Amino acid sequence: DAGITQSPRHKVTETGTPVTLRCHQTENHRYMYWYRQDPGHGLRLIHYSYGVKDTDKGEVSDGYSVSRSKTEDFLLTLESATSSQTSVYFCAIRGGEENGYTFGSGTRLTVV
Amino acid sequence: QKEVEQDPGPLSVPEGAIVSLNCTYSNSAFQYFMWYRQYSRKGPELLMYTYSSGNKEDGRFTAQVDKSSKYISLFIRDSQPSDSATYLCAMGVDDMRFGAGTRLTVKP
């Protein structure tokens, strides 16, 4: 998908465990985003990054943290997974201001 | 009230029909408006992009933005079964807001 990959594609984890999702891009884009998608809510922004070590919170950031130590990698961590965090997680990248987002294929996370 | 409202459908039309998809929004600061198409179990892909008010056409697709009414539309002419997907409106730049998506089925 246009130089953006997410891993893993599927994950089942237990309540209370930490989980890290990875987003990797080969486009050298400055901006990277993590969204979650849930029925009835559409896509909601969790965190985004505008450069290495530069991140900011989105609409639904509670319970999530992110890190970006390299331009190409943006990690999303669920510090202590809860059932309400069962969702499909999408990473996205953006080039310039007049470009839309390019999304990865998503990670389907189930917290049991 | 959500910042971006989109009728979730589902919408079912016969092949060849004209499809109209719409969103309303409340934040008058939005300047960038987009439509994404999402096939089942895939990531959204950018379909149309419009800056400020006006129309934009790309093949069978036309996007319209009416900032005075805070209303955006996507028209699909001569719809095809391959157009069956969920269509998401989106607006903004860094903190992009998405509609919930309208599920469209085009029947042969």
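The structure we're discussing is the one just above.
If you're wondering where the values come from, they're calculated on a predicted model, not measured in any experiment. (Residues numbered from 1 in each chain as written. Chains lettered and ligands numbered in written order. Predicted model: local features only at pLDDT ≥ 70, side-chain atom pairs only at ≥ 80, totals over all residues. Heavy atoms only, no water.)

In this section: the pairing of strand β5 (residues 45–51) of chain B. Bridging between strand β4 (residues 32–38) of chain B and β5 of chain B involves 6 bridges; their strand directions are antiparallel. Looking at β5 of chain B, one finds that Tyr-36 of chain B is bridged to Leu-46 of chain B. (Pairing = 2+ DSSP bridges. Helix = DSSP H or I, 4+ residues; strand = E, 2+ residues; numbered from the N terminus.)

Attention shifts here to the interface of chain A and chain B. Contact residues are listed per partner, giving 23 residues for chain A and 20 residues for chain B. Seen at the junction of chain A and chain B, the total is 1 salt bridge. Scanning the region where chain A abuts chain B turns up 4 residue pairs in polar contact (both at pLDDT 80 or more). Of all the secondary structure elements, the ones that give two or more residues to the side of chain A that touches chain B are β4 (31–38), β5 (42–51), β9 (87–94) and β10 (101–103) of chain A. Broken down by class, the residue content of the side of chain A that touches chain B amounts to 9 nonpolar, 8 polar and 6 charged. (Contact = heavy atoms within 4.5 Å. Salt bridge = Lys/Arg side-chain N within 4 Å of Asp/Glu carboxyl O. Polar contact = N/O pair within 3.5 Å; in protein donor to acceptor, adjacent residues only side chain to side chain. Nonpolar A, V, L, I, M, F, W, Y, C, P; charged D, E, K, R; others polar.)

Residues and elements named next belong to chain A. On inspection of all chains with the given rule, the structure shows 9 salt bridges over all chains. Linking Arg-22 and Asp-73 is a salt bridge whose minimum nitrogen-to-oxygen distance equals 3.1 Å. Residue Arg-22 is found in strand β3 (residues 19–25), and its partner Asp-73 is found in strand β8 (residues 73–78); the two are separated by 51 residues along the sequence. Residue class for Arg-22 comes out partly exposed when judged on its relative accessible area of 35%. (Buried < 20%, exposed > 50% of the residue type's maximum accessible area, 1.4 Å probe, protein only.)

What follows is about the state of the cysteines. All names here are of chain A. Scanning all chains against the criterion turns up 2 disulfides over all chains. Shown here is the disulfide that connects Cys-23 with Cys-91, its sulfur atoms set 1.9 Å apart. The sign of the S-S torsion, about -75 degrees, decides the handedness of the disulfide formed by Cys-23 and Cys-91: left-handed. Note that Cys-23 is positioned in strand β3 and Cys-91 in strand β9, a separation of 68 residues in sequence. Relative accessible area serves as the criterion here: at 0%, Cys-23 is assigned to the buried category. (Disulfide = S-S within 2.5 Å.)

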